[in-house]
Amino acid sequence: MNVKSLRFRMTGLYVLVLALTFALSGLLLYRLTGRTLRGDLDDLLELRAEGVDASIDTFWAVEAQTALKDGRPLGSTSKVDNLDFQRIAARWVEERIRDPVLVDIVVQLFGTGGELIASTQLVPGATLLPFDALEPFLSPSARFLNIVSQGPSGETARFRAFTYPVVAGGRLAYVIRVLSPLAPVEAPLRALRMILFLLLPGVVVLSGAVAAWLAGRTIRPVNHMVESARDISTENLRVRLPVPGTRDELSRLAETFNGMLDRIEQGFSFQRQFWEDVAHELKTPLAIMKGEIEVALRCGGGPEDREVLSSNLEEVDGLICLIEKMLTLARLDRSGAAMDMRELDLAALAGRAVEEFRAVAEDKGIRLGLTASGAVFVRGDDARLRGLLYILLDNALKFTPAGGTVGVEVGADGGHTRLVVSDTGPGIGEADLPRIFDRFHRAGRPVEGGGFGLGLSIAKAVAESHGGCIEVDSPPGAGSQFTVILPLAQR
Amino acid sequence: MRILVIEDERKIAEFLKKGLKAEGYAVDIASDGEEGHFLAGTEDYDLLILDLRLPKMDGITLCRTLRAEKFAAPILMLTVRDSVKDKVIGLDSGADDYLTKPFDFEELLARMRALLRKRGAAEATRLQVDDLVINLPGHTVQRASKIISLTSKEFALLEYLMRNAGVVVSRAMIAEHVWDVHFDSFTNVIDVSINHLRSKVDRDFPKKLIHTVRGRGYILKA
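Rules used throughout
- Residues numbered from 1 in each chain as written.
- Chains lettered and ligands numbered in written order.
- Predicted model: local features only at pLDDT ≥ 70, side-chain atom pairs only at ≥ 80, totals over all residues.
- Helix = DSSP H or I, 4+ residues; strand = E, 2+ residues; numbered from the N terminus.
- Buried ≥ 20, exposed ≤ 12 C-beta atoms within 10 Å, placed from the backbone.
- Contact = placed C-beta atoms within 7 Å.
- Nonpolar A, V, L, I, M, F, W, Y, C, P; charged D, E, K, R; others polar.
- Pairing = 2+ DSSP bridges.
- Axes fitted to C-alpha atoms, helices over the stretch in contact; angles between N-to-C directions.
- Expected span 1.5 Å × (residues − 1).
- Parallel < 35°, antiparallel > 145°, perpendicular 65-115°, else oblique.
- Left-handed = near helix turned anticlockwise from the far one by under 90°.
- pLDDT = per-residue confidence, 0-100.

Caption draft 1: Highlighting the overall build of chain A. On a plain count of helices and strands, chain A comes out with eight helices and twelve strands. When the 491 residues of chain A are sorted by exposure, 27% land in the buried category. Across chain A, the fraction of contacts at a sequence separation of at least 24, relative to all contacts at a separation of at least 6, is 64%.

Given below as structure tokens:
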């Protein structure tokens with residue numbers, strides 16, 4: 001996957017935002033739930049401790065009354081340092097141990113020395129009070145403690161403990177501690193943690209995958225557009241981008257692009273039409289110049305005049321030749337150029353062209369050979385394809401020195417025909433190679449008899465108007481090699 | 001021979017008139033379709049040179065009208081339009097030949113001669129210039145009773161030169177008539193073929209028949 005692709009970045013950003021949101025809200029939820037559960041437990045413990053305190057007070061009152069009624073002296077009516085406390089505490093525990101309010105709550109009573117006086121249940125490992133810290137009677141936050149109780153066989157249980165010092169007259173009388181197992185608080189928190197750590201990442205991964213798929217779906221029309229746009233060139237301006245039927249930004253983008261292409265195509269066709277018109281308009285004045293010069297030359301005149309007229313005629317003929325070529329190119333460029341398409345044997349066509357140029361090759365002392373493995377049929381315009389062959393052969397013979405070889409090879413591979421014209425000339429310079437098919441490009445090599453540098457661009461236009469292409473290869477010191485690839489005729 | 005030139009481009013009409021007169025033709029000029037139609041109906045012409053783009057009545061319509069009126073003389077069309085389709089339309093409307101502007105004046109003369117000849121006696125089977133004789137059906141060539149053997153292209157080239165004996169033929173004309181090619185990549189082929197033909201026809205004889213006319217082309221003359 002391309003890390004820079006829009007799809008990747010969109011998905012990545014989405015997953016990141018989702019994960020952050022989930023993590024933050026998960027953390028918040030966990031914290032809040034924990035605090036609420038603990039707070040509730042602490043409130044309950046505080047409430048119970050106060051209840052225990054009140055109920056012990058009731059015992060004190062009853063004890064005091066009974067003593068008064070019996071006329072028996074009470075050790076002391078003060079809670080502090082009361083020797084009867086141990087007895088009262090034991091009685092209280094015995095009486096209240098079945099109080100449903102105290103189910104799940106352990107009440108411990110400690111003396112001022114930190115010794116356990118009575119307990120509703122035995123909680124192993126929680127029988128001591130960190131007593132030195134009870135002075136001065138504990139701050140409200142220090143009253144709460146978490147205690148780990150360990151049984152004889154090693155099992156542990158966690159408890160929340162609330163220490164409630166009972167103070168009378170500014171002195172510590174005894175200490176009530178209530179404990180409640182932490183399991184009812186910790187179990188839901190554990191479950192919540194599980195949900196947050198397993199479920200949320202799962203949801204993030206899943207929705208990331210869905211987001212990637214959705215982003216891919218959204219982006220797919222863009223990829224189609226890119227593929228279509230790649231096929232658009234100045235020679236092939238007819239291609240339009242596919243417009244997704246979604247009536248969204250992407251379909252508007254495609255429509256806008258197509259509108260722009262319409263205007264560009266119009267501009268190009270206007271330009272082509274313009275050059276075609278210019279070429280046409282030039283034909284009449286050139287016809288006049290040529291005719292007048294030719295007639296003047298036929299009708300005598302002094303030798304000096306004839307010299308000038310002949311020279312003019314050569315230039316006019318050159319111009320006419322140029323205009324014919326420009327018209328040829330303009331017509332080939334216009335898709336749907338009026339061409340006489342028939343099924344032709346390219347091998348036979350090449351064979352005839354080679355025979356026509358054989359005399360020229362022999363004159364220059366060049367070996368001219370044809371290699372063809374049999375008939376190769378293409379759909380094409382006979383005159384245009386012959387022209388293409390003549391241009392390539394003429395070029396090859398022009399640049400090959402005496403004793404060299406020019407070879408023409410026709411073959412088929414796959415659904416295509418390959419026509420190769422190779423020579424053993426000096427080859428084409430590296431600087432010229434990419435521009436050899438450009439219009440009006442004249443390679444650094446000297447051209448005998450001028451020329452406008454349009455021959456090879458016409459060859460290219462012919463190949464392209466037949467749905468094919470032309471390539472050139474010129475390894476240093478190994479001559480040059482032109483390859484024309486045309487589609488085979490559908491038989 | 002009397003020729004009617006129907007051409008609205010004054011300068012073209014003028015050089016045609018001047019050049020054709022120098023060749024011994026009598027020439028009338030009409031500068032629009034209606035005038036051309038009128039003249040063609042009143043005078044007796046051996047050949048019409050007809051421009052396609054004309055005011056008042058265009059060349060195709062005029063050509064059809066004339067043929068519908070049983071106008072018999074050959075018609076040579078002149079036009080700047082050179083697509084195959086245009087040529088077919090022109091020839092279908094009743095024209096005998098079709099020449100695109102700009103053209104070689106020699107080409108025009110050659111075509112006119114061919115058109116005028118067609119009207120005359122049956123096609124010749126034998127052409128002779130000086131002591132050079134070619135027999136068309138038999139494809140044989142003789143010079144001073146010596147048989148010369150030629151390839152078929154050389155024979156076609158010699159035939160074209162002999163049909164136009166005494167006038168200059170340009171390389172473009174040769175390319176078009178002998179090879180049916182309109183590409184200037186072909187000039188080398190023509191020059192080499194002429195040289196080969198020369199070596200067979202002229203080399204062993206003191207009198208040379210095939211001559212090069214610098215900047216214009218070739219001529220075969222006694």
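Caption draft 2: Broad picture of the overall build of chain B. Counting secondary structure elements, chain B contains eight helices and twelve strands. Counting every position in chain B, which comprises 222 residues, the buried fraction comes to 38%. A sequence separation of at least 24 residues applies to 54% of the contacts in chain B between residues at least 6 apart.

Caption draft 3: Structural context of the interface of chain B and chain A. In this complex, chain B contributes 26 residues to the contact, which on the side of chain A involves 31 residues. Only α1 (10–22), α4 (84–92) and α8 (187–201) of chain B provide two or more residues apiece to the side of chain B that touches chain A. Looking at the side of chain B that touches chain A, the element that brings in the most residues is α1(B), giving six residues. Residues of the side of chain B that touches chain A, tallied by class, amount to 13 nonpolar, seven polar and six charged.

Caption draft 4: Structural view of helix α8 (residues 455–465) of chain A. Residue and element names in this part refer to chain A. With ten of eleven residues buried, α8 lies mostly within the body of the structure. Among all positions in α8, only G455, L456, S457, I458, A459, K460, A461, V462, A463 and S465 are buried. Next to the buried residues of α8 lie α5 (303–333), α7 (382–399), β11 (469–473) and β12 (481–487). Positive backbone phi, approximately 75°, marks G467, located one or two places after α8.

Caption draft 5: Structural detail: the sheet that holds strand β8 (residues 140–143) of chain B. All names here are of chain B. In space, the four strands of this open sheet follow the order β6-β7-β8-β9, with antiparallel pairing throughout. Edge strands, defined here as strands with exactly one partner in the open sheet, are β6 (126–129) and β9 (146–148). Between one strand axis and the next, the sheet turns by 25° as a mean value, whatever way the strands run. Where strand β7 (residues 132–135) lies against β8, four bridges are found, and the strand directions are antiparallel. Across the sheet, the residue bridging to V133 is Q142, located in β8.

Caption draft 6: Molecular detail of the environment of A:L47. With respect to the helices, strands and loops of the structure, A:L47 is situated in helix α1 (residues 6–70). On a C-alpha basis, the gap between A:L47 and A:V178 in space is 9.9 Å, while along the polypeptide they are 131 residues apart.

Caption draft 7: Structural view of the pairing of β8(B). Residues and elements named next belong to chain B. Side-chain alternation along β8 places V141 and R143 on a buried face and T140 and Q142 on a face that remains uncovered. Linking β7 to β8, which pair antiparallel, is a turn of four residues; within it H139 sits at a positive phi near 55°. As paired elements, β8 and β9 share three bridges and run antiparallel to each other. Across the sheet, residue Q142 finds its bridge partner in β9, namely I147.

Caption draft 8: Structural context of α5(A). Residue and element names in this part refer to chain A. Between its first and last C-alpha atoms α5 spans 45 Å; for 31 residues at 1.5 Å apiece the expected length is 45 Å, and the two agree. Considered for burial, the residues of α5 that qualify are V316, D317, I320, E324, K325, M326, T328, L329, A330 and L332. In this fold, the buried residues of α5 make contact with α4 (249–298) and α8.

Caption draft 9: Looking closely at the packing of α1(A) against helix α3 (residues 183–230) of chain A. Residue and element names in this part refer to chain A. α3 packs onto α1 with a crossing angle of 165° between their chain directions and a minimal axis gap of 9 Å. When the axes of α1 and α3 are compared, the pair comes out roughly antiparallel. Of the two possible hands of crossing, α1 and α3 adopt the one that is right-handed.

Caption draft 10: Fine view of the sheet that holds strand β1 (residues 2–6) of chain B. Residues and elements named next belong to chain B. Pairing is parallel across the open sheet formed by five strands, whose spatial order is β2-β1-β3-β4-β5. Edge positions in the open sheet fall to β2 (26–30) and β5 (97–100), since each of these has one partner strand only. The mean inter-strand angle of the sheet, taken between neighbouring strand axes irrespective of direction, is 20°. Pairing of strand β3 (residues 47–51) with strand β4 (residues 75–79), which is carried by four bridges, proceeds in the parallel orientation. Across the sheet, the residue bridging to L50 is M77, located in β4. Taken strand by strand, helix α3 (residues 59–68) contacts β3 and β4, and its axis lies near 150° from that of β3.

Caption draft 11: Up close: the confidence of the model for chain A. Averaged over all residues, the pLDDT of chain A equals 81, while 91% of them reach at least 70. Scored below 50 in pLDDT, residues 446–450 of chain A makes two contacts in the model with residues more than four places away or belonging to other chains.

Caption draft 12: Fine view of unusual backbone geometry. Residue and element names in this part refer to chain B. Residue P102 follows K101 across a cis peptide bond; omega there is -5°. Structurally, the position occupied by P102 is in the loop between β5 and α5 (105–119). Its identity is not glycine, yet H139 carries a phi of approximately 55°, on the positive side. Here H139 lies in the loop between β7 and β8. The class for H139 is partly exposed, based on 13 C-beta atoms found within 10 Å. At S145, a residue that is not glycine, the phi angle is positive and equals roughly 60°. Tracing the backbone shows S145 in the loop between β8 and β9. C-beta crowding within 10 Å serves as the criterion here: with 7 such atoms nearby, S145 is assigned to the exposed category.

Caption draft 13: Highlighting the packing of helix α6 (residues 346–364) of chain A against α7(A). Residue and element names in this part refer to chain A. Running from N to C, α6 and α7 cross one another at 25°; their axes reach a closest spacing of 10 Å. It follows from the interaxial angle that α6 and α7 lie roughly parallel. Considering how the two elements wind past one another, α6 and α7 form a crossing that is right-handed. Where α6 approaches α7, its residues L349, A350, A353, F357, V360, A361 and K364 are matched on the opposing element by L385, R386, L389, Y390, L393 and L397. Its residues placed into classes, the contact of α6 with α7 shows eleven nonpolar, no polar and two charged.

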